[in-house]
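Letter by letter, the chains look like this.
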Amino acid sequence: MSVRVRFAPSPTGTLHVGSARTALFNWLYAKHHRGTFVLRIEDTDQKRSNPAFVEDILASLHYLGIVADEGPTFQSQRLALYRQHADQLIAQGKAKTEDGGVVFPVAPQTVTFRDLVHGDITVDTSLFEQLVLMKSDGLPTYNFACVVDDAAMQITHVIRGDDHIANTPKQLILYQALGLTPPAYAHIPLIVGSDRARLSKRTGATAVADYRDVGYLPEAFVNYLALLGWAPGGNRECIPPTEIVELFDVARVRKAAAQFDQQKLDWLNGQYIKQATVERLTDLFAERLIAKGLVSVTYDRAWLSRIAGLLRDRLKTLSQLEEEHRFLFVEPIEYEDEAVQQLLRRDGIAANLSALKDRLKQLGSFETPQVEQAARALIAQRGLGAKDLIHPTRVAVTGRAVSPPLFEVMSIVGQAKVIGRLEYAAAHLAG
RNA sequence: GUCCCCAUCGUCUAAUGGCCAGGACAACAGCCUUUCGAGCUGACAAUGCGGGUUCGAUUCCCGCUGGGGACACCA
């Protein structure tokens, strides 16, 4: 029997990191076993469901590269199916109408099921003496719709969060009442925040879309998520998604909750950015910069490629591009007060910057070696330490005390702009 | 409160009775360097506690403690 799994989010919020990991594990399991991954939207809460969240969920899954083999299917469009099953139980005397809904009395018993990650779990059903099947608004409840759909869709494995363990015995009872065969279950541990409680906005971003927007590469995010609660054995950390598919084994999923660690995510993302080709990085940069209005749609690709090459092994997130390197894209630049105070307001700086400007004006080529040569020559001529010229120049050209290697930055910014910035700094900022 | 689940460095994890409990992130130190970063090197750091079982327990069993989750006509 081929594997069929499903991811069944409810559109009552943006796609949460925890849900994304559940989706990922299902997807990995399906792909590993050459099975089918079904997407089902559980929109049976009329008050809280919102089409905008469906869009967010779809977009977020797309970002992660998790594509559904079937679906999305909407529960709100299969009401007849649930009604039919409820009627069947009523006809058999197993359920009854109450307050306009349908309820299912539960006989006290102990239910044991074998969980793929936890082993046997036993629950006493006297904890819940009845289950609501259909609400008085005509929509099915979660546990009922879930059972009817999983059976109808021939789901073989239900992989979901730990927090659903208590629902499983309820669903098992319904399978039995309906005469249906239940799937296998794997309850994966929750992702928790730094407070060890389930990941919430309180301890960091929870929406997958936010991570996308900050500039985490999908394979880095997927890689990180996969490592939360699972490890292939050996000492692999940086494992591209295609390889994770091959290695993934739900039996190796840990039982304990895993804490989300942004620093490790950052490190992994940096690794993937470093491994990305300049071509790809240029595309990613262009997309961001155009969206933020920092370059025009007719941007100079060769120029942006140089920037990609320069920043490739310095970025942890793509957002650092526009946050820390605005001086590459805007004119005039902004100057950090502290950098100006510490590095420009000193005797002789203005003269040095002015002298450098004069030398740079003479240059026929503004490639990095020529720029560096001009600066070094001035340093030698004036008997300066290299830092004495370089640091103030950095502030004059970038507005900041830290930047990528200065001479390449200058070359990229270009002769005219560099000269203009040196002139401005010498005249208005330097001592 | 009741029920369920869980427990290895600060964090993510490896080791499913047997080499000095391994790796990674972070933090720290050093090297490199025009700043930062990247890179390289180094040091520090864990089996929650108490009982068992066993020649031998991170590993198996029991208890405790601690943490989390679930207890809706939400999903």
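Given the structure is predicted, the values throughout are model-derived calculations rather than measurements.

Caption draft 1: Structural context of helix 3 (residues 79–91). Taking 1.5 Å as the rise per residue, helix 3 with 13 residues should run 18 Å; its terminal C-alpha atoms sit 18 Å apart, in good agreement. Among all positions in helix 3, only Tyr82, His85, Ala86 and Leu89 are buried. End-on view of helix 3: buried residues confined to an arc of 100°, all on one side of the axis. Of the exposed residues in helix 3, the ones pointing more than 90 degrees away from its buried face are Ala80 and Ala91. Phi turns positive, to about 75°, at glycine 93, one or two residues after helix 3.

Caption draft 2: Seen up close, the protein's contact with RNA strand B. In the vicinity of RNA strand B, 56 residues are found, and the nearest of them are Lys135, Ser136, Gly229, Arg314 and Ser403. Considering RNA strand B, the proportion of its atoms within 4 Å of the protein that are sugar or phosphate atoms stands at 71%. The contact in question runs from a base nitrogen of RNA strand B to an N or O atom on the side chain of asparagine 167, over 3.1 Å. Mapped onto the surface near RNA strand B, the elements with two or more residues apiece are strand 7 (119–124), strand 12 (258–259), helix 9 (262–275), helix 16 (386–398) and helix 17 (406–413). With five residues, helix 9 is the largest single contributor of residues to the surface near RNA strand B. Here the surface near RNA strand B is built from residues that sort into 21 nonpolar, 15 polar and 20 charged.

Caption draft 3: Focus on the pattern of salt bridges. Across all of its chains, the model carries 27 salt bridges by this definition. A salt bridge links glutamate 372 to arginine 376, with the shortest nitrogen-to-oxygen separation between them at 2.8 Å. Separated by four residues within a single helix, glutamate 372 and arginine 376 lie in helix 15 (residues 368–382), roughly one turn from each other. Residue glutamate 372 is classed as partly exposed on the basis of its relative accessible area of 26%.

Caption draft 4: How the structure looks around the layout of surface pockets. Considered as a void within the structure, the largest pocket measures approximately 1100 Å³ in volume. The set of elements that each furnish at least two residues to the lining of the largest pocket consists of strand 1 (4–7), helix 1 (17–32) and strand 9 (157–161). Of the residues forming the lining of the largest pocket, the biggest block, four residues, is contributed by helix 1. When the residues that make up the lining of the largest pocket are grouped by side-chain class, the tally is 13 nonpolar, 13 polar and ten charged. Each of two domains, domain 1 (4–75 + 191–263) and domain 2 (78–188), supplies a minimum of three residues to the lining of the largest pocket. Looking at the lining of the second largest pocket element by element, the count peaks at five residues for helix 10 (residues 278–291). Here the lining of the second largest pocket is composed, by residue class, of seven nonpolar, one polar and six charged. Mapped onto the domain boundaries, the lining of the second largest pocket takes at least three residues apiece from domain 1 (4–75 + 191–263) and domain 3 (276–328).

Caption draft 5: Spotlight on the sheet that holds strand 8 (residues 130–134). Overall, antiparallel pairing links the three strands, which are arranged 4-5-8 in an open sheet. Both outer strands of the open sheet, strand 4 (96–98) and strand 8, are each paired with one neighbouring strand and no more. Shown here is a sheet whose adjacent strand axes are inclined to one another by a mean of 40°, direction ignored.

Caption draft 6: Molecular detail of the nonpolar core. Counting residues in hydrophobic clusters, the biggest one holds 107 residues, and the most contacted among them are Phe221, Phe260, Phe285 and Leu360. Counting residues per element, this core draws most heavily on helix 1, at nine residues. Apart from residues no more than four positions distant in its own chain, phenylalanine 221 is found in contact with Val17, Tyr63, Leu64, Val208, Tyr211, Tyr216, Phe260 and Leu265. Ranked by size, the runner-up nonpolar core spans 31 residues in total, among them Leu133, Val147, Val148 and Tyr175.

Caption draft 7: Up close: the side chain of arginine 40. Structurally, the position occupied by arginine 40 is in strand 2 (residues 36–41). At a separation of 2.8 Å, a polar atom in the side chain of arginine 40 contacts the side chain of aspartate 150.

Caption draft 8: A look at unusual backbone geometry. With an omega dihedral of 5°, the bond running from glycine 71 to proline 72 counts as a cis peptide bond. Among the secondary structure elements, proline 72 is positioned in strand 3 (residues 70–74). The peptide bond linking glutamate 331 to proline 332 adopts the cis configuration, its omega dihedral lying at 0°. Of note, proline 332 is situated in the loop between helix 12 (319–324) and helix 13 (337–343). Unlike most non-glycine residues, arginine 34 shows phi in positive territory, near 55°. Along the chain, arginine 34 falls in the loop between helix 1 and strand 2. Its relative accessible area of 62% is what places arginine 34 among the exposed residues.

Scoring rules and cut-offs
Residue positions are given per chain, counted from 1 along the sequence in the order it is written. Naming scheme: in the order in which they are written, chains are lettered from A and ligands are numbered from 1. Reporting of local features is limited, given that this is a predicted model, to residues whose pLDDT is at least 70; pairs of side-chain atoms are given and counted only at 80 or more, and all residues count toward the totals for whole chains, interfaces and linings. Excluded from the side-chain calculations are hydrogens and water; all other atoms, namely the structure's heavy atoms, are used. Strands here are runs of E lasting at least two residues and helices are runs of H or I lasting at least four, both read from the DSSP assignment and numbered beginning at the N terminus. Helices are assigned an expected span. That span is 1.5 Å times one less than the residue count. Categorising residues by exposure relies on relative accessible area from a 1.4 Å probe, with only protein chains included: less than 20% of the type maximum marks a residue as buried, more than 50% marks it as exposed, and the intermediate range marks it as partly exposed. By arc we mean the arc of the directions from the helix axis to the C-beta atoms, nothing more. Whether a residue is near a molecule or strand is decided by its heavy atoms; if any one of them lies within 4 Å of it, the residue is near. Under this definition, polar contacts are N or O atom pairs within 3.5 Å; protein pairs additionally need one hydrogen-donor-capable and one acceptor-capable atom, and for neighbouring residues in sequence, both atoms have to be side-chain atoms. Under the convention adopted here, Pro, Cys and the residues Ala, Val, Leu, Ile, Met, Phe, Trp and Tyr are nonpolar, Asp, Glu, Lys and Arg are charged, and Gly plus all remaining residues are polar. For this analysis, a salt bridge means a side-chain nitrogen from Lys or Arg found within 4 Å of a carboxyl oxygen belonging to Asp or Glu. Grid points spaced at 1 Å over the protein atoms alone were grouped into cavities, where a 1.4 Å probe fits but cannot get out, and pockets, open sets with protein on both sides within 12 Å along at least five of seven lines, with lining residues defined by an atom within 4 Å of a point. Grid points are joined across faces, edges and corners, and a volume is the space filled by probe spheres set on the points. What counts as a domain boundary in this text is fixed by an automatic or database domain assignment. Strands were regarded as paired on the criterion that DSSP finds at least two bridges between them. Fitting a line to C-alpha atoms yields each axis, with helices limited to the stretch in contact; the angle taken between N-to-C directions then spans 0 to 180 degrees. Residues belong to a common nonpolar core when they are buried Ala, Val, Leu, Ile, Met, Phe, Trp, Tyr or Cys residues joined through side-chain atoms within 4.5 Å. It only takes one pair of heavy atoms within 4.5 Å for two residues to be counted as in contact.

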